[in-house]
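Below are the chains, spelled out letter by letter.
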Amino acid sequence: MAQALRIAVIGVGRIGLQHAQVVKDQPAVAELVLADNDPARAAQAAAELGAEYCGVDEAFQATDGVVIATPTSTHAELLLKAAAAKVPTFCEKPIALDVPTTRSVIAAVKAGGAQVQLGFQRRFDAGYVAARAALRAGELGELRRAHMLTCDPQPPSPDFVPNSGGIFKDCGIHDVDALRWVSGHEVVEVFAYGANRGAAFFAESGDVDEAAALLKLDDDTLATLQLSRYNGAGYDVRMEIAGTAGSRAVGLDAHTALVSAEPGVTFPDGQPHPAFYPRFHAAYTAELAAFVRVAAGEITSPALVDDALEALYVCEALGVSYTERRPVRVDEIRAQ
Ligand SMILES: NC(=O)c1ccc[n+]([C@@H]2O[C@H](COP(=O)([O-])OP(=O)(O)OC[C@H]3O[C@@H](n4cnc5c(N)ncnc54)[C@H](O)[C@@H]3O)[C@@H](O)[C@H]2O)c1
């Protein structure tokens with residue numbers, strides 16, 4: 001592995017600060033530099049982590065790789081800067097909240113030629129990896145159904161929701177990417193419901209705090225998806241896949257946020273995960289380790305910009321289905 005890489009992390013908020021620590025711990029990373037549009041925050045994070053800090057534009061200069069962990073609404077602009085600087089980039093999902101912007105960023109990324117890796121960390125989670133491998137090895141027979149859920153224990157802050165893209169693009173995009181990646185099939189049609197049972201700021205932003213959807217794959221596999229912002233039992237992310245010969249459950253372990261109603265059954269007997277970073281720490285570490293290898297030129301990106309666009313099509317279709325109360329074919333969105 002090429003050593004002594006200089007990697008910049010832009011945006012040192014909730015996830016960026018954690019990503020910065022993981023990047024710093026990679027043996028091939030010699031220098032970590034932090035940037036944020038709040039320079040005091042960058043300076044403080046740099047002091048805490050023993051890193052340097054610089055301005056946002058500077059972060060694209062003289063670095064071997066850039067990690068973008070800023071709010072979603074800023075990803076497009078920063079990815080365009082990365083494309084112009086031809087620097088390998090890791091970007092948190094999604095690229096943008098709308099299809100035209102996503103397509104124009106992808107065109108610039110491809111024209112620039114530098115690798116871009118999207119933050120679909122479930123591709124690096126041991127459970128998703130094992131479920132995919134079992135399906136590919138034929139251990140499940142023919143895939144017949146999938147069930148996915150992403151449930152947060154508490155709602156995000158009122159400031160986050162208006163710029164998040166809504167529950168389907170913000171949360172569901174991970175489930176959609178996992179469904180595509182694990183099954184090896186594309187989603188062709190969706191039907192979604194949503195409900196406003198919680199804080200008024202969800203409805204005020206045109207968002208919902210509970211959602212459920214049906215997704216049909218191109219081989220007629222039927223999948224279900226549930227999303228919640230108020231899962232009192234804890235942070236709960238799971239996927240079940242079942243076929244004609246077997247099944248696998250991802251996220252079913254001692255920490256699953258479930259209590260059995262069966263007398264005498266004590267499983268799961270660990271503490272539920274409180275939030276995304278503890279649940280996916282190993283996966284975030286593995287995806288950023290992979291990005292360091294991408295930045296070193298050793299491997300190609302394991303989560304492409306085209307994957308982000310495909311997932312966005314499906315999430316857009318879910319939103320249209322919810323709003324217009326009808327089944328939506330993903331091709332309808334793709335054709336726009
Ligand atoms: N993969 C996952 O599991 C996962 C989990 C949570 C969040 N995310 C994604 O990570 C991204 C960041 O989310 P967060 O919750 O950490 O946000 P946050 O608001 O906590 O932090 C964002 C940081 O970026 C800075 N910032 C804002 N605009 C900037 C700009 N133009 N240039 C430089 N810095 C800027 C802010 O000052 C802040 O420090 C979002 O896109 C979100 O969707 C992904």
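Position labels on residues start from 1 in each chain and follow its written sequence. Only residues with pLDDT of at least 70 are given local features in this predicted model, and only at 80 or more are side-chain atom pairs given and counted; all residues enter the totals for whole chains, interfaces and linings. Just so you know, side-chain values use all the structure's heavy atoms and leave hydrogens and water out.

With that settled, the discussion passes to the nonpolar core. Counting residues in each nonpolar core, the largest one holds 102 residues, and the members touching the most others are L34, I95, Y128, L179, L215, I241 and L318. In terms of residue count, helix α9 (residues 305-324) provides more of this core than any other element does, eleven residues in total. The source of the domain bounds is an automatic or database domain assignment. When residues of this core are assigned to domains, at least three map to each of domain 1 (5-121 + 283-303) and domain 2 (122-275 + 311-334). Residue contacts are counted whenever heavy atoms from the two residues lie within 4.5 Å of one another. Excluding its chain neighbours within four sequence positions, the residues that come into contact with Y128 are R122, A178, W181, V182, V237, R238, M239, V250, R279 and F280. Nonpolar core, defined: a set of buried Ala, Val, Leu, Ile, Met, Phe, Trp, Tyr and Cys residues in which side-chain atoms within 4.5 Å join the residues together. The buried label goes to any residue with under 20% of its type's maximum accessible area, the exposed label to any with over 50%, and the partly exposed label to all in between, with areas taken from a 1.4 Å probe on protein chains only. By the criteria applied, helices consist of DSSP H or I runs no shorter than four residues and strands consist of E runs no shorter than two, each listed in order from the N terminus.

What follows concerns the environment of A96. On the secondary structure map, A96 appears in the loop between β5 (89-91) and α4 (99-112). Given a relative accessible area of 6%, A96 falls into the buried group. Each C-alpha atom of the pair A96 and G165 lies 8.8 Å from the other, and the pair is 69 residues apart in sequence. Those residues in contact with A96 that sit more than four places away from it in its chain are T101, T102 and L312.

The figure often quoted for interface size is the accessible area lost as the parts come together. Splitting the protein chain by domain gives domain 1 (5-121 + 283-303) and domain 2 (122-275 + 311-334). With centres defined by C-alpha atoms, the gap from domain 1 to domain 2 works out at 26 Å. Contacts between the two partners involve 20 residues from domain 1, matched on the other side by 19 residues from domain 2. Summed over both partners, the interface of domain 1 with domain 2 buries about 1600 Å², with 61% contributed by carbon and sulfur atoms. Buried area counts how much accessible surface, traced with a 1.4 Å probe, disappears from two parts once they are put together, with both parts' losses summed. A per-residue breakdown of the area domain 1 buries against domain 2 is headed by L97, F120 and Q121, which together make up 39% of the total. The term salt bridge refers to a pairing of a side-chain nitrogen on Lys or Arg with a carboxyl oxygen on Asp or Glu at a separation within 4 Å. Our enumeration of links across domain 1 and domain 2 arrives at one salt bridge. For the salt bridge of D170 with K93, the shortest nitrogen-to-oxygen distance reads 3.6 Å. The term polar contact refers here to a pair of N or O atoms within 3.5 Å; inside protein, the definition further demands a hydrogen-donor-capable atom paired with an acceptor-capable atom, and it admits residues adjacent in sequence only when both atoms are side-chain atoms. Connecting domain 1 to domain 2 are ten residue pairs in polar contact (both at pLDDT 80 or more). Elements with a contribution of two residues or more to the side of domain 1 that touches domain 2: α4 and α8 (276-295). Ranked by residue count, the leading element in the side of domain 1 that touches domain 2 is α8, at four residues.

This part takes up the site of the ligand. Throughout this document, a residue counts as near a molecule or strand when at least one of its heavy atoms sits within 4 Å of that molecule or strand. Near the ligand you find 24 residues, and of these R14, D36, R41, T72 and Y284 are the closest. Contact distances for the ligand include 3.1 Å between a nitrogen atom and a backbone N or O atom of N37. Within the side chain of H75, an N or O atom sits 3.1 Å from an oxygen atom of the ligand. Considering the ligand on its own, with 860 Å² of exposed area, one finds that the protein chains cover 86% of that surface. Buriedness of a pocket was judged along seven lines, with at least five required to meet protein on both sides within 12 Å; pockets are open sets of points on a 1 Å grid over the protein atoms alone, cavities are sets where a 1.4 Å probe fits but cannot get out, and lining residues have an atom within 4 Å of a point. In this scheme, a molecule is assigned to a cavity or pocket if more than half of its atoms are within 2 Å of the grid points. Structurally, the ligand is housed in the largest pocket. For the shell around the ligand, the secondary-structure elements that each account for two or more residues are α1 (14-24), α6 (166-183) and α8. The nonpolar class holds Ala, Val, Leu, Ile, Met, Phe, Trp, Tyr, Cys and Pro. Asp, Glu, Lys and Arg form the charged class, and all remaining residues, Gly among them, are polar. Tallied by class, residues from the shell around the ligand come to eight nonpolar, ten polar and six charged. Residue burial considers only the protein chains on display, and all accessible areas are found by Shrake-Rupley using a 1.4 Å probe.

What follows concerns the sheet that holds strand β12 (residues 247-250). Here we have seven strands laid out as an open sheet, ordered β12-β11-β7-β10-β9-β8-β13, and mixed in their pairing. The open sheet is flanked by β12 and β13 (328-329), the only strands paired with a single partner. Note: two strands are recorded as paired if DSSP finds a minimum of 2 bridges between them. Of the pairings in the sheet, the one linking strand β7 (residues 143-151) to strand β10 (residues 222-228) comprises seven bridges and is parallel in character. Along β10, the bridge assignment pairs M148 with L225. Lines fitted to C-alpha atoms define the axes here, with helix axes fitted over just the stretch in contact, and angles between the N-to-C directions of these axes take values from 0 to 180 degrees. On the sheet, α6 packs against β7, β8 (187-195), β9 (210-217), β10 and β11 (236-243) and is oriented at approximately 150° with respect to β10.

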